[in-house]
Amino acid sequence: MDNRPIGFLDSGVGGLTVVKELIRQLPHEEIVYIGDSARAPYGPRPADQIREYTWQLVKFLLTKNVKMIVFACNTATAVAWEEIKAALDIPVLGVILPGSSAAIKVTQGKKLGVIATPMTISSDIYRQKVQLLDPQVEVISMACPKFVPLVESNQTQSSIAKKVVYETLAPLVGKVDTLILGCTHYPLLRPIIQNVMGPEVALIDSGAETVRDISVLLNYFEINRSREAKAKNDYFYTTAGVTSFQEMAESWLGKAICVEQINLEEVLHESSDL
Ligand code: DGL
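Here goes a summary of the coordinates provided. Position numbers for residues count from 1 along each chain, tracking the sequence in the order it is written. Owing to the predicted nature of the model, reporting of local features is limited to residues with pLDDT of at least 70; listing and counting of side-chain atom pairs is limited to 80 or more, with chain, interface and lining totals taken over all residues. Values shown for side chains rest on all heavy atoms present in the structure; no hydrogens or waters enter the calculation.

### Considering the layout of surface pockets
Item 1. Any residue with an atom within 4 Å of a point lines the site, the site being either a cavity, points on a 1 Å grid over the protein atoms alone where a 1.4 Å probe fits but cannot get out, or a pocket, an open set with protein on both sides within 12 Å along at least 5 of 7 lines. Grid points are joined across faces, edges and corners, and a volume is the space filled by probe spheres set on the points. Reported here for the largest pocket is a volume of approximately 230 Å³.
Item 2. Along its surface, the largest pocket is lined by 13 residues, and Thr156, Gln157, Leu188, Ser251 and Trp252 are the ones closest to its centre.
Item 3. A run of H or I in DSSP becomes a helix once it reaches four residues, and a run of E becomes a strand once it reaches two; helices and strands are each numbered from the N terminus. At the level of secondary structure, the elements contributing two or more residues to the lining of the largest pocket comprise helix H9 (190-197) and helix H11 (242-253).
Item 4. If one sorts the elements of the lining of the largest pocket by residue count, H11 sits on top with 4 residues.
Item 5. For this classification, the nonpolar set comprises Ala, Val, Leu, Ile, Met, Phe, Trp, Tyr, Cys and Pro, the charged set comprises Asp, Glu, Lys and Arg, and every other residue, Gly included, is treated as polar. Residues of the lining of the largest pocket, tallied by class, amount to 8 nonpolar, 4 polar and 1 charged.

See the structure below:
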């Protein structure tokens, strides 16, 4: 047993789609979440910068004494997961492998679409992972740089969002039977994406798939939180203003949460042992 929290990181509110699933599947696990909304989106940034920011988020989570870190962000997973996983002595999970293996189980016609940020698409990591598992699967990839700013500005149901999603995804319609939502922000646009793609297209939420792996690892390392532990306190941190994050988070998670704004550089400067 290990009663310490699980740490989640994302460039902003997208990782909450993973947290929502964690709360559904593993409600007794305690959560520490850091969303770097002040510097979102990560997707269009150069790889070195994404790596530097991701390390900062990881170091912040380590100051919270987490027992496991989940990269609830495909972009950070594509760029920095291998390196950071190798450097830490606690389990570190990414969202890309779980999403890839779920998609190959679901696709009937072996025609798979992947939508993600520019960095995740240019890394080509989904195609590589999917075709490693099943070389017969054809993968069509598409970067959707306009989606994350829509989500971060809480416009997930606006007419602008509908127009942008429709125009962006039009070239994919009719070409794939399964579509990986390769960015954790995208499940917040899921109803619009499903509407544009059509009801017969299966949407794969990489984040939700990741929670199954979290559960497996907790069992494997025997680090589940004890059912007898004291009542848990989940903490959510953002690098931007609290109001907008809290509004989106509470509406998405369907419950009140505790949110604090932090200055990452200050916090990391104070924790000199890291
Ligand atoms: N939610 C993240 C992802 O899964 C990052 C989006 C971004 O900041 O561009 O890729």
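### Quick word on the site of the ligand
Item 1. Nearness of a residue to a molecule or strand requires only that one of the residue's heavy atoms be within 4 Å of it. Around the ligand, a shell composed of 13 residues is seen, among which Ser11, Tyr42, Asn74, Thr75 and His185 lie nearest.
Item 2. Two N or O atoms count as a polar contact when they lie within 3.5 Å, although within protein this holds only if one can serve as hydrogen donor and the other as acceptor, and sequence-adjacent residues are included solely when both atoms are side-chain atoms. Residue threonine 75 places a side-chain N or O atom 2.6 Å away from an oxygen atom belonging to the ligand.
Item 3. Contact distances for the ligand include 2.8 Å between an oxygen atom and a backbone N or O atom of threonine 184.
Item 4. Computed with a 1.4 Å probe, the accessible areas rest on the Shrake-Rupley method; for each residue, only the protein chains presented here act as cover. Surface burial for the ligand is 100%, taken as the share of its 300 Å² of free accessible area covered by protein chains.
Item 5. In terms of residue class, the shell around the ligand is made up of 5 nonpolar, 7 polar and 1 charged.

### With respect to the nonpolar core
Item 1. Joining through side-chain atoms within 4.5 Å is the link that ties buried Ala, Val, Leu, Ile, Met, Phe, Trp, Tyr and Cys residues into a set, and such a set is a nonpolar core. Burial classification: accessible surface area is computed with a 1.4 Å probe over protein chains only, and a residue below 20% of its type maximum counts as buried, one above 50% as exposed, and the rest as partly exposed. Counting residues in each nonpolar core, the largest one holds 50 residues, and the members touching the most others are Phe8, Ile115, Phe147, Leu169, Ile193, Ile214 and Phe236.
Item 2. Whether two residues touch is decided by their heavy atoms; if any such pair falls within 4.5 Å, the residues are in contact. Excluding anything up to four places from it in sequence, phenylalanine 236 contacts Leu16, Val19, Ile31, Tyr33, Phe245, Leu253, Ile257, Cys258, Val259 and Glu260.
Item 3. Listed in part, the 27 residues of the second largest apolar core include Leu9, Ile34, Val58 and Leu268.

### Focus: the packing of helix H4 (residues 96-106) against helix H6 (residues 125-133)
If you want to describe how two helices pack, look at the angle between their axes and the distance between the axes.
Item 1. To get an axis, fit a line to the C-alpha atoms, keeping to the stretch in contact for a helix; angles then go from 0 to 180 degrees between the N-to-C directions. Between H4 and H6, whose axes approach to 9 Å, the crossing angle comes to 50°. In terms of orientation, H4 and H6 fall into the oblique class. In this structure, H4 crosses over H6, and the sense of that crossing is right-handed. Two secondary-structure elements touch here, H4 through Ile96, Leu97, Ser100, Ser101 and Ile104 and H6 through Ile125, Tyr126, Lys129, Val130 and Leu133.
Item 2. Of the residues assigned to the contact of H4 with H6, the class counts are 7 nonpolar, 2 polar and 1 charged. Angles below 35 degrees are treated as roughly parallel, those above 145 as roughly antiparallel, those between 65 and 115 as roughly perpendicular, and all remaining angles as oblique. Two helices that cross are described as forming a left-handed crossing if the nearer one is turned anticlockwise from the farther one by less than a right angle, and a right-handed crossing if clockwise.

### Structural notes on the environment of histidine 185
Item 1. In this structure, histidine 185 sits in the loop between strand S7 (178-181) and H9.
Item 2. Spatially, the C-alpha atom of histidine 185 lies 10.0 Å from that of threonine 156, the residues being 29 residues apart in sequence.
Item 3. Dropping the residues within four chain positions of it, histidine 185 is found in contact with Asp10, Ser11, Gly12, Val13, Gly14, Val148, Val151 and Glu152.
Item 4. Reaching out from histidine 185, the side chain makes a polar contact with the side chain of glutamate 152 at a distance of 2.7 Å.

### Here we look at the environment of isoleucine 23
Item 1. Within the element layout of this structure, isoleucine 23 appears in helix H1 (residues 16-25).
Item 2. The exposure class of isoleucine 23 is partly exposed, given its relative accessible area of 21%.

### Focus on H4
Item 1. Among the residues making up H4, those that are buried are Ile96, Pro98, Gly99, Ser100, Ala102 and Ala103.
Item 2. Structurally, H4 contributes buried residues whose contacts are with helix H3 (74-87), strand S5 (111-116), H6, S7, strand S8 (202-205) and helix H10 (206-220).

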